[in-house]
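Notes for the structure review
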Amino acid sequence: MTCKLKGVHWWALLVAVAPVAAWGGEGKTRLEVREVEAHEIDPGIDPESLVVSPDGMRFAYIAKRDGGAVAVVDGKPGTRYAVVAPIAFSPDGKRYAYKATRDDHRWTFVVDGKEGPLHGNVRSVTHTFSPDGSRTAYVADVPDPKAPNRSQNALIVDGVAGTPYKQVEGQPWFSHDAKRLAFVAGTGEGPAFRMFVVVDGVDGAGFRQIGSVLHEVRTKAFAWSPDAKHWGYSAVKAEGGEVVVVDGVEGATYEGVRGPVLSPDGKRWAYPALRKGKWIVVASGQETGKEYDEIGELFFGPGPGSLAYAARRGKVWVVVVGGVEGKEYGRVGTYSIRFSPDGTRVVYWATSGPRPPPIFFVLDGVELGAYENVGANRSFAWSSFSFGPDGKQTVFAGQRNGKWSMVTNGVEGTPYEAMPIFNPAIGPQGDVAYAAQKGDALVLVGNGVETQPFKALLSTAPVRFHGPRSFHALIRDGNRIFRAEVDIHDE
């Protein structure tokens, strides 16, 4: 669902609000559609560079220009650089940043269109924003204070360089309130090289490696509690074995561990650990539950809610919630577990054999349907299932006989060829919106009623609500990109 570009001018065609014919359908719902912020696409666009903000309101891409490149954000080109690296939006979508190389070969990060400090090299690929978007951080080379002809790494936070280290990893972690910051650094040579976590400017204990050798990527090694009062990480000891460190206190040594998860109320933590060839769960320092051959991602329910995870014993998978095993399956989605907003309900996808189909969601222990697929990308193990604000409403995408339908409270909607964005959007008042492919066109659907056809949804663009009963999506129509805003009305 992409459109090839033809030669067009690069300037943006700004349309504040362009009306589009309202479109309705049978039933009691009417949709009113507006075309907002239309922009002409730069002919030098690198299609692979196109990104969309998490809120689905903004877009950006890199375009070739005069032997170099420019970042085009919301249709407006920025300064020309020799090289422009990937563009990243802040979690709230209000800010953006990208790495750029000047013609003098010095690197900088451009944040909201303003060039930051210049460096000989920037280790980070993308800028890291705090969860609220208020702060920024990245890793760059700085002169070694003891040997100016050599360089070291330093974390640049809000444009200010911190303490230099021999090595600083490129993924720092801001706390949820953006007031605290942690990152991984290293020092020493050869066998004496040690890595450690720096929390609020204080170096932690040295380890051979931060993060598990056996079972995780570095970005998942560290976690803050939601209240920012507690933190933890996994590490490999110099003498062998792996541990989890919580608030600076090292736990028991195991053959392997995974990074800890902290409960929403900040009072508990848990992680899987490998002991004598079997995996167990360690909760707040105590070994709990049964032994398994494999344990997936851990999930805490809201507030003081239960701990849930998928576990395998031989060829059989179960989901464990609050220490109680559910029904046995041939396979379950280890990352698909979801709690309702109030923490009283839990859902995951499962299949009876080692591979789907059939595949279904298991909600509160009850199997929903038998589908060829349920909107789950099994390579990454995420699912389409969504709870409504009150936890009672349920929505997911299911495929049957080659067609996709959105299943709302157990009722299948209109079948479509495909659903580009599997995650449905649920509004504050329980309205359901999503995008679907109808023939060679795209339609937006609100409460089962379709808009008029569009060319294509912008790649990776989500459908999002921006008002009590209003949602939007970014549309690509030939050489234009615009935002379609849709209001839901009851007749």
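All of these numbers come straight from a predicted model, not from anything done at the bench.

Definitions and cut-offs
Residues numbered from 1 in each chain as written. Predicted model: local features only at pLDDT ≥ 70, side-chain atom pairs only at ≥ 80, totals over all residues. Heavy atoms only, no water. Helix = DSSP H or I, 4+ residues; strand = E, 2+ residues; numbered from the N terminus. Rg over C-alpha atoms; globule rule 2.2 N^0.38 Å. Buried < 20%, exposed > 50% of the residue type's maximum accessible area, 1.4 Å probe, protein only. Contact = heavy atoms within 4.5 Å. Areas by Shrake-Rupley, 256 points an atom, 1.4 Å probe, with all protein chains shown as cover. Lys, Arg positive; Asp, Glu negative; His and termini not counted. Charge placed at Lys NZ, Arg CZ, Asp CG, Glu CD. Pairing = 2+ DSSP bridges. Core = buried A, V, L, I, M, F, W, Y, C linked by side-chain atoms within 4.5 Å. Phe/Tyr/Trp six-rings, centres within 6.5 Å; stacked < 30°, edge-to-face > 60°. Lys NZ or Arg CZ within 6 Å of the ring centre and 35° of its normal. pLDDT = per-residue confidence, 0-100.

This paragraph deals with the overall build of the protein. Helix and strand counts for the protein come out as zero helices and 50 strands. Its C-alpha atoms give the protein a radius of gyration of 25 Å, within 12% of the compact-globule value 23 Å for 491 residues. Within the protein, the proportion of its 491 residues that are buried is 52%. Taking contacts inside the protein between residues at least 6 apart in sequence as the whole, the part at least 24 apart equals 40%. Counting only carbon and sulfur atoms, one obtains 53% of the accessible surface of the protein, whose full area is about 22,000 Å². In the protein, 55 side chains carry a positive charge and 55 a negative one; their mean positions are 3 Å apart.

Turning our eyes to something else, we now look at the sheet that holds strand E3 (residues 51-52). Strand order in this open sheet of four strands is E3-E4-E5-E6, and the pairing throughout is antiparallel. Every interior strand has two partners, whereas the edge strands, E3 and strand E6 (76-77), have only one.

The subject of this paragraph is the nonpolar core. Ranked by internal contacts, the top residues of the largest apolar core, which has 34 residues, are Tyr61, Leu444, Phe454, Leu457, Leu458 and Phe471. Those elements giving two or more residues to this core turn out to be strand E2 (29-40), strand E4 (59-65), strand E5 (68-73), strand E44 (432-438), strand E45 (441-446), strand E49 (470-477) and strand E50 (480-490). Among the elements that make up this core, the one with the highest residue count is E50 (five residues). If you look at the next biggest cluster of nonpolar residues, it comprises 17 residues, including Ala182, Met195, Tyr233 and Val245.

A few words on the packing of aromatic side chains. If you walk through the whole model with that rule in mind, you get 20 aromatic pairs. Measuring from ring centre to ring centre gives 6.5 Å for Tyr329 and Tyr348, while their planes differ by 80 degrees; the resulting arrangement is edge-to-face. A residue pair is termed long-range when its members are at least 10 positions apart, and Tyr329 in the loop between strand E33 (324-325) and strand E34 (331-332) and Tyr348 in strand E36 (residues 346-351) qualify at 19 residues. The class of Tyr348 is buried, set by a relative accessible area of 6%. Pairing Phe361 with Phe385 gives two aromatic rings, centres 4.9 Å apart and planes at 65 degrees, and the pair type is edge-to-face. Here Phe361, found in strand E37 (residues 359-363), pairs with Phe385, found in the loop between strand E38 (366-371) and strand E39 (386-387); they are 24 residues apart in sequence, far enough to count as distant. Residue Phe361 is classed as buried on the basis of its relative accessible area, which comes to 0%. What links up through ring pairs into an aromatic cluster is the set Trp173, Phe207, Phe222, Trp224, Trp231 and Tyr233. Between the NZ or CZ atom of Lys99 and the centre of the ring of Trp107, over which it lies, the distance is 4.6 Å.

As a further point, take the confidence of the model for the protein. Per-residue confidence for the protein gives a mean pLDDT of 89, with 92% of residues at or over 70. When mean pLDDT is compared element by element in the protein, E5 scores highest at 98, while strand E1 (residues 17-19) scores lowest at 37. In this model, residues 1-26 is a region of pLDDT below 50 whose contacts with residues beyond four sequence positions or in other chains number 62 contacts.

Below, the discussion takes up the pairing of strand E23 (residues 242-246). Here E23 lies mainly inside the structure; five of its five residues are buried. Side-chain alternation along E23 places Glu242, Val244 and Val246 on one buried face and Val243 and Val245 on a second face that is also buried. Direction of pairing for strand E22 (residues 231-236) relative to E23: antiparallel, over a ladder of five bridges. Within E23, the residue paired with Gly232 across the bridge is Val246. In sequence, E22 turns back onto E23 through a hairpin of five residues, with Gly240 there showing a positive phi of about 110 degrees.

The subject of this paragraph is unusual backbone geometry. Here the bond from Pro356 into Pro357 is cis, since omega is -5 degrees, no more than 30 degrees from zero. Within the secondary structure, Pro357 is located in the loop between E36 and E37. Each neighbour pair has its own omega, and for Pro357 with Pro358 the value is 0 degrees, a cis peptide bond. Topologically, Pro358 is positioned in the loop between E36 and E37. For Asp158, which is not glycine, the phi torsion reads 50 degrees and is therefore positive. Considering the arrangement of structural elements, one finds Asp158 in the loop between strand E13 (147-157) and strand E14 (160-161).

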